[in-house]
Amino acid sequence: MADRITITLPDGTKQEHPNGVTSREVAEAIGRRLAKAAVAARFNGVVIDLTRPLEEDGELEILTFADREGRDVYRHTTAHILAQAVKRLFPDVRLGIGPAIEDGFYYDFDVKGAFTPEDLEKIEEEMRRIVSEDLPLERLTLSREEAIARFEAMGEDYKVELIKELPEDAEISCYKQGDFIDLCAGPHLPSTGRVKAFKLLNVAGAYWRGEESRPMLQRIYGTSFEKRSELEEHLHRIEEARRRDHRVLGRQLDLFSIHEEIGPGLVLWHPKGARIREIVENFWREEHRRRGYEIVYTPHIAKSDLWKTSGHWDWYRENMYSPMEVEGSEYLLKPMNCPFHILMYKSETRSYRDLPLRWGELGTVYRYERSGVLHGMLRVRGFTQDDAHIICRPDQLEDELVEVFDLARFMMKTFGYEDFDVMLSVRDPENKDKYIGDDEGWALAERALARALERVGFEYRIEEGEAKFYAPAVDINLKDALGRGWQGPTIQVDFNLPERFDMTYIGEDGREHRPMMIHRTVLGTMERFIGGLIEHYAGAFPTWLAPVQVVVIPITDRTHAYAAEVAGRLEEAGLRVEVDYRNEKMGYKIRQAELQKVPYMLILGDREMEQGTVSVRERRKGDLGSSSLAEFMDRVLQEVREKTVNV
RNA sequence: GCUGAUGUAGCUCAGCGGUAGAGCAGCUGAUUCGUAAUCAGCAGGUCGCGGGUUCAAAUCCCGCCAUCAGCUCCA
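A short tour of the structure in this document, coming up.

What counts, and where the lines are drawn
- Residues numbered from 1 in each chain as written.
- Chains lettered and ligands numbered in written order.
- Predicted model: local features only at pLDDT ≥ 70, side-chain atom pairs only at ≥ 80, totals over all residues.
- Pairing = 2+ DSSP bridges.
- Helix = DSSP H or I, 4+ residues; strand = E, 2+ residues; numbered from the N terminus.
- Contact = placed C-beta atoms within 7 Å.
- Axes fitted to C-alpha atoms, helices over the stretch in contact; angles between N-to-C directions.
- Near = placed C-beta within 6 Å.
- Nonpolar A, V, L, I, M, F, W, Y, C, P; charged D, E, K, R; others polar.
- Core = buried A, V, L, I, M, F, W, Y, C linked by C-beta atoms within 7 Å.
- Buried ≥ 20, exposed ≤ 12 C-beta atoms within 10 Å, placed from the backbone.
- Domains from an automatic or database assignment.
- Arc of directions from axis to C-beta.

Read across the sheet, eight strands follow the order E18-E22-E23-E30-E27-E26-E24-E25 without closing on themselves; strand pairing throughout is mixed. This sheet does not close on itself; its edge strands, each paired only once, are strand E18 (294–295) and strand E25 (460–464). This element, helix H13 (residues 397–414), spans strand E23 (382–392), strand E24 (419–426), strand E26 (473–479), strand E27 (485–494) and strand E30 (516–525) of the sheet and lies at about 5° to E30.

Structure below.
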């Protein structure tokens, strides 16, 4: 074994150190500030404890809270502190798992009953005590037998289960802090005192290992940060998300409602919500026409045999409503639109010259969703997809996909979603029987999607096992104004339904050929999309979408007639206007219009009436001074025309 | 569907064994006002639904329904 080893730092500089040096010592050699900020290290690609001795040459990167991995280590240690605190206060609980997640961490506990908010406060207090005790975290490795014996003795059945599933020859590591020991791959912070700011957020049930058949554990969620101020900021963001809740805004802005009397997951679109939807739908239709689509309509129910042919009856039944009987035949409410479009295709003999056919439909479908998953407008049981099916020849497939991705990008940009993640969902290679169709078809479809994605320049991730039962898919995840992800466009390449329905076209050679089919939505559904828009814009819709674009506010009833005249001119120009004739003070009317998040207010008093002007107030910005009506109209009409988004 | 919590006026919430309360919204009247709430009066509830305990239930118990936070699932 060499006495000295060579450490290469990220900037390429090399340092000599004694064999067995720790990354903490290397960090100290680099600088005090780095040593203080260090939470873990990456050595030859593996994230390790700062206290692990380095015993070979290698590349070393010191990780801090600013790094994703560093943050995870920091929060993972916080999760251990949580578990230790819970064990001190409730010795009978058994531990599940406790990883770091996106914005924090959680730990699962098997406990009689549940934790109350008061319990959480007590646990937090105990956690603070553990932090102030500044207990060092020690890594120990055990043999499989030792580990099983040890955790069995502690009654930690779940941990024993985990150990037994580790590979036979795996080195089993545990971390010990004071009286607490936990099975854990690590790495961890050097001591509990390093955790500065944390908060427990909520408790919820979670199945052991995410399986419904396993026991339900109590999961405590929390988060932690290096600085108090960062924690405050994070809590503020959570508050902001609450403020944007589309269910709350939907009520305040009178956009939609859901009623127990009607049924869960069934949405009523009030006039203002419907107006937004109408604008979105009209824009959608126009854009589709421009891009060579035809719009079609299909019924809401169809005989069950159709759904047997399509495969839905066998593969999708748990999402479908029970059959209804009509004149001796069974009918089913449609969960998708595709079979209708297919029969439309089959209504005549098609030539290769006819393809591609692009048929779009704002199709309302019904799917049974388990009661616990329903959520405002975002997860409902009856919804309208902006669906379309492109039927094309195999040689047209890739170009058509490129067009679809381009349309999807255009739509997202128009609505102000600048950022998005793209996933290519393919079959689970382990579970091919969950899908219909043969290997060759799947490979072809998956390849076409990947090639088209590369052509439009989308970076994407491959997700195994996320494909639909009939086709691989590209799913696009939108990032909203708060950086949260939303289900956006989905595009699927399908060779199965053409087969099942025996779709054909006559080729140049005079023989029958099988077309390919693309299923796609670019908005998703009207419910989810507009629910998402409400949160993205925090209810303050851009002018082109706002249900009311201008509120005219006469100051006294002397100016009512002038207000009516101004409103009339705006309406003639196609703007959506309301006049607040109520017998209230101007300040009250302004407040109401601000709360309704109307983009513009026109304040009309004696002065404006005499000069024939309007006094303009912009939402959230305040008084813009007076101008001529024509000037104001130009400004607003331009915003509408250009679909200006100011998030 | 599962775990936990919640369900009182249109909305937000108080009341938690003795026969239902506030603010906002609504209605009526007064006020005619210059950039985020004028004043006064009136009206509004089989306390989610069904059963039970009790002299007495919004309040305690049981069942159901719905909502919320998650889990699982998804457009």
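A few words on the protein's contact with RNA strand B. Around RNA strand B, 55 residues are found, and the nearest of them are Gly205, Pro264, Ser371, Gly372 and Gly605. When residues in the surface near RNA strand B are grouped by element, the largest group, seven residues, is from helix H18 (residues 586–595). In terms of residue class, the surface near RNA strand B is built from 16 nonpolar, 17 polar and 22 charged.

Turning our attention to the nonpolar core. Ranked by size, the top nonpolar core spans 90 residues in total, and within it Leu401, Val552, Met601 and Leu602 carry the most contacts. At eight residues, H13 tops the list of elements feeding residues into this core. Three or more residues apiece are contributed to this core by two domains, here domain 3 (256–532) and domain 4 (550–642). Residues contacting leucine 602, with those up to four places away along its chain left out, are Val550, Val552, Ile553, Val566, Val614, Ser615 and Val616.

For the rest of this paragraph, the subject is helix H6 (residues 157–165). By the burial criterion, the buried members of H6 are Tyr158, Lys159 and Ile163. Take H6 and look down its axis: the buried residues cluster within an arc of 140°, on one side only. For H6, the exposed residues lying more than 90 degrees away from the buried face are Lys164 and Glu165. Elements in contact with the buried residues of H6: strand E8 (94–95), strand E10 (104–110), helix H5 (144–153), strand E12 (172–177) and strand E13 (180–183).

Secondary-structure assignment places leucine 268 in strand E17 (residues 267–269). In contact with leucine 268, other than residues within four places in its own chain, are Phe256, Ser257 and His259.

What follows is about the environment of arginine 209. Looking at the element boundaries, arginine 209 is found in the loop between strand E14 (197–207) and strand E15 (216–225). Separated by 51 residues in sequence, arginine 209 and tyrosine 158 place their C-alpha atoms 9.8 Å apart.

Moving on to the sheet that holds strand E32 (residues 577–579). Taken in spatial order, the five strands of this open sheet run E32-E31-E33-E34-E35, and their pairing is mixed. Looking along the sheet, the strands with just one partner apiece sit at the ends: E32 and strand E35 (622–628). Neighbour-to-neighbour, the strand axes of this sheet turn through a mean angle of 25°, independent of strand direction. Taken together, the five bridges between strand E31 (residues 550–554) and strand E33 (residues 600–604) define a ladder with parallel strand orientation.

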